Amino acid sequence: MPKTVNWQEQMQSVVGAKGFTSAADDMSPWLTDWRGRYTGAAAAMISPGSTQETAEILKIANENSVAIVPQGGNSGMVGGATPDDSGQSILLSLRRMNRIRAIESGDQLVLCEAGVILQNLHEALADEGQRFPLTLGGKGSATVGGLISTNAGGTQVLRHGTMRALVAGIEAVLPDGTILEGLAALKKDNRGYDLKQLLIGGEGTLGVVTAATLRTVPALIDRCVAWIAVDSTDAAYRLFQFLNRRTPQSLEGFEIIPETCLDSVLRHIPGTRPPLTGAHRWNILVELVRDQADAQDPRTVAEALLAEALELGLIEDATLAASEQQAEDFWKIRDSISEAERAGGPALQHDISVPVPKMARFINEASPVIEAKFPGTKVAAFGHMGDGNVHLHVKAPPGVQPLEWMRDYGNRITPLVHDLVIAAGGSISAEHGIGQNKRAELERLSSPGRLATMRAIKTAIDPKNIMNPGKLVPLASGHSGS
Ligand SMILES: Cc1cc2nc3c(=O)[nH]c(=O)nc-3n(C[C@H](O)[C@H](O)[C@H](O)COP(=O)(O)OP(=O)(O)OC[C@H]3O[C@@H](n4cnc5c(N)ncnc54)[C@H](O)[C@@H]3O)c2cc1C
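As the structure is a computational prediction, the values presented were derived from the model and not from experiment. (Residues numbered from 1 in each chain as written. Predicted model: local features only at pLDDT ≥ 70, side-chain atom pairs only at ≥ 80, totals over all residues. Heavy atoms only, no water.)

1. Things to note about the sheet that holds strand β1 (residues 20-21)
As a reminder, the rule being used: One requirement defines pairing of two strands: DSSP has to find at least two bridges between them. Every helix listed is a DSSP run of H or I at least four residues long, and every strand listed is a run of E at least two residues long, numbered separately from the N terminus.
Spatial strand order, β1-β2-β4-β3: 4 strands in an open sheet with mixed pairing. Both edges of this open sheet fall to β1 and β3 (68-71), since each of them pairs with a single strand only. Note that β3 and strand β4 (residues 90-93) share 4 bridges and pair parallel. Opposite V69, over in β4, you have L91 as the bridge partner.

2. Concerning the pairing of strand β8 (residues 167-173)
The side chains of a regular strand alternate between both faces of the sheet. Our working rule: Buried means the residue's accessible area, taken with a 1.4 Å probe over protein chains only, is under 20% of the maximum for its type, while exposed means over 50%, and partly exposed covers the values in between.
Counting buried positions along β8 yields 7 of 7 residues, so the element is predominantly enclosed. Sheet topology places β8 next to strand β10 (residues 208-215); 6 bridges connect them, and they run antiparallel. Note that in β10 the partner of E171 across the bridge is A211.

3. Things to note about the site of the ligand
Condition: Being near a molecule or strand, for a residue, comes down to having at least one heavy atom within 4 Å of it. Within 3.5 Å is the distance limit for a polar contact, defined as a pair of N or O atoms, with the added protein rule that one can donate a hydrogen and the other accept it, and that residues adjacent in sequence qualify only through two side-chain atoms. The protein chains shown are the only cover counted for residues, whose accessible areas, like all others here, come from Shrake-Rupley with a 1.4 Å probe.
The ligand sits among 35 residues. The nearest are P70, G72, S75, G76 and T143. Within the backbone of G154, a nitrogen or oxygen atom sits 3.4 Å from a nitrogen atom of the ligand. One of the backbone N or O atoms of E203 is found 3.3 Å from an oxygen atom in the ligand. Taken by itself the ligand offers 970 Å² of open surface, and the protein chains cover 93% of this. Taken together, the elements giving at least two residues each to the shell around the ligand come down to β3, α5 (144-149) and β10. Sort the elements by how many residues they give to the shell around the ligand and α5 lands first, with 4 residues.

4. Some thoughts on the sheet that holds strand β9 (residues 179-182)
The following threshold applies: Helix axes use the C-alpha atoms of the stretch in contact, all axes being lines fitted to C-alpha atoms, and the angles between their N-to-C directions lie in the range 0 to 180 degrees.
Spatially, the 5 strands line up as an open sheet ordered β5-β6-β10-β8-β9, and their pairing is antiparallel. Of all the strands in the sheet, just β5 (100-104) and β9 have a single pairing partner and so form its edges. Taken pair by pair, the neighbouring strands of this sheet meet at an average axis angle of 10 degrees, ignoring direction. In terms of strand pairing, strand β6 (residues 109-113) meets β10 through 5 bridges, oriented antiparallel.

5. Quick look at the side chain of E53
For clarity, the threshold we go by: Counting rule for charge: Lys and Arg are taken as positive, Asp and Glu as negative, and neither His nor the chain ends is counted. Just to be clear on terms, a salt bridge is a Lys or Arg side-chain nitrogen sitting within 4 Å of an Asp or Glu carboxyl oxygen. Should any heavy atoms of two residues lie within 4.5 Å, those residues are considered in contact.
For E53, the position within the fold is in helix α3 (residues 51-63). Buried charged residue E53 carries no salt bridge. Nearest counter-charge: R96, at 4.5 Å. Within the structure, E53 has its side chain in polar contact with the backbone nitrogen of G49 (distance 2.9 Å). If near-sequence neighbours (up to four positions away) are discounted, E53 is found in contact with V14, V15 and P48.

6. Observations concerning the nonpolar core
As a reminder, the rule being used: Buried Ala, Val, Leu, Ile, Met, Phe, Trp, Tyr and Cys residues form a nonpolar core when they are joined through side-chain atoms within 4.5 Å.
Among the nonpolar cores identified, the biggest contains 49 residues, and I228, V230, L239, I284, V286, F362 and I370 are the most heavily contacted of them. With 7 residues, the top contributor of residues to this core is helix α9 (residues 233-246). For L239, the residues in contact, after removing those within four places along its chain, are I228, V230, F254, I284, A309 and I315. Counting residues in hydrophobic clusters, the runner-up holds 24 residues, among them A142, M163, L199 and V209.

7. A few points about the packing of α9 against helix α14 (residues 359-373)
Where we set the bar: Working rule for angles: under 35 degrees goes down as roughly parallel, over 145 as roughly antiparallel, 65 to 115 as roughly perpendicular, anything else as oblique. In this classification, Asp, Glu, Lys and Arg are treated as charged, Ala, Val, Leu, Ile, Met, Phe, Trp, Tyr, Cys and Pro as nonpolar, and every other residue, Gly included, as polar.
Between α9 and α14, the shortest axis-to-axis distance is 8 Å and the interhelical angle comes to 170 degrees. As summarised for this structure, α9 and α14 are arranged roughly antiparallel, according to the angle between their axes. The residues of α14 that touch α9, namely those facing T233, D234 and Y237, are A360, I363 and N364. Considering only residue class, the contact of α9 with α14 consists of 3 nonpolar, 2 polar and 1 charged.

8. Section: α3
Condition: Multiply 1.5 Å by the residue count of a helix minus one, and that product is the helix's expected span.
Look at α3: 18 Å from first C-alpha to last across 13 residues, which is about the 18 Å you get at 1.5 Å a residue. Of all the residues in α3, the buried ones are T51, E53, T54, A55, I57, L58, I60, A61 and N62. Of the residues one or two after α3, S65 is the one with positive phi, at around 50 degrees.

9. Focus: α14
Taking 1.5 Å of rise per residue, the 15 residues of α14 would be expected to cover 21 Å, and the 21 Å separating its terminal C-alpha atoms lies within 8% of that figure. Tucked inside the fold, the buried residues of α14 contact α9, β14 (282-290), β16 (347-353), β17 (378-382), β18 (389-395) and α15 (402-423).

10. Considerations on the pattern of salt bridges
Per the stated rule, a full pass over the model turns up 23 salt bridges. Where D291 meets R131, a salt bridge forms, and the shortest distance between an N and an O atom there is 3.9 Å. Here R131 lies in strand β7 (residues 130-131) and D291 lies in the loop between β14 and α11 (298-311), a separation of 160 residues in the sequence. Grouping residues by exposure puts D291 and R131 together as buried. Of the charged contacts, one joins R223 and E328 as a salt bridge, the two residues approaching to 2.9 Å between their closest N and O atoms. With R223 in strand β12 (residues 222-230) and E328 in helix α12 (residues 324-335), this pair connects stretches of sequence that are 105 residues apart.

11. Regarding the pairing of β18
Buried residues dominate β18, accounting for 7 of its 7 residues. Alternating positions in β18 separate into two faces, N389, H391, H393 and K395 on one and V390, L392 and V394 on the other, with burial throughout. Inspection of the sheet shows β16 paired to β18 by 7 bridges, in the antiparallel sense. By the bridge assignment for β18, A347 is matched with K395.

Encoded structure:
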């Protein structure tokens, strides 16, 4: 009798030895999420080397109803790339698909595979006088496929948008193994539903992104980074309006940093020092850039605008980075806040957005409500204020046992934060996605219409629910994998 080949053997024969492992040691670094909150198990980790191989793997998975968990750099914040603990899933790593297929500098496009790491993309484009205008703290790990699948944001969204605005074309494999070829960068394309946009932010629940055509912009000629003190969140918003009105073409970053976060960076992160003297309740990090030869020098622009802002009483004080090193030092303070806050004790973290004009008021009103309801906690809201997106951390009272506190209070504090966000017309996930972390809250807080539409899309494209089950879409009870 001929030997029956099981699905694992079939998959192994598609990718060969270098694309297949079921050894616990090889898999274990990839089975816990970046924040260390979720650990799963997998039957095997498969790393296809091409789109065709990915298609064959998905076809076998679909025929055998095997769950596929796509993974890029595993730097996601919501447990989206971590399998459940059944040990039945395949962890599909895209990291071997890391070729930049073409850089079209003249057309400001780059065609790359899903496993290209963001930092490598930045470096390759810099050599060609181009720039991919999206950056974030996880750039040394995050891959193009992960950035697309989470619709990542970062610190340049103000001027360039999220991944949704930066993806010009996509190649993906659907759950049944069909290849969706859409890499052409069409400025106009009215063939109905935009399947590319469904995959962006789809968190691997509708298919596997294998390659993309991304938009680039000219490399920076220079930039000016300013550290500014203001006395309130309202003043911060007025400053944002002022700068955005006066220099919309060069304002690329507008980040808010409360005094408490600056203090915690200075305390916990070696080599950091305060940019300004004196105590200031709120700090703003602003970046003005020039990427066109005929544009004004950003330093001259910043000096003039900040002098005017001081005269208008919008700001308390300001300093401009005197060198590229100092500009990096200012950004290091901003980028180190999460790490410093972690060193300072347990905190519940919320990545939320409200309409930009409402953010100042939201921070002012939500913080005392949370602190009053949970005595001893302290709220710290920092981040992309120019996008209406802050990371709202609720820090535990001093001296608590971290695990016990998170367990006892997480399920009470987070729903309160999210209720306040929804009441302000906002979103419980601004840029990190839903993953497994926020799925129950998405279900609790979504309108019936939104939920039904998401479920209908998911079940139409992935009827067997093999793509990243248990993530993003709260399927109706009774549906397998929900
Ligand atoms: C220090 C730090 C700072 C960060 N700052 C920001 C920030 O400012 N803004 C921001 O938006 N994010 C930020 N992040 C989060 C993270 O970097 C992004 O979510 C990033 O997009 C994840 O990319 P990844 O390749 O690591 O994806 P992974 O973590 O591997 O996966 C993320 C999700 O995408 C899916 N996925 C991955 N690859 C594919 C693929 N090829 N096809 C289909 N689905 C796929 C996974 O299944 C999962 O659901 C930060 C992370 C770190 C560690």
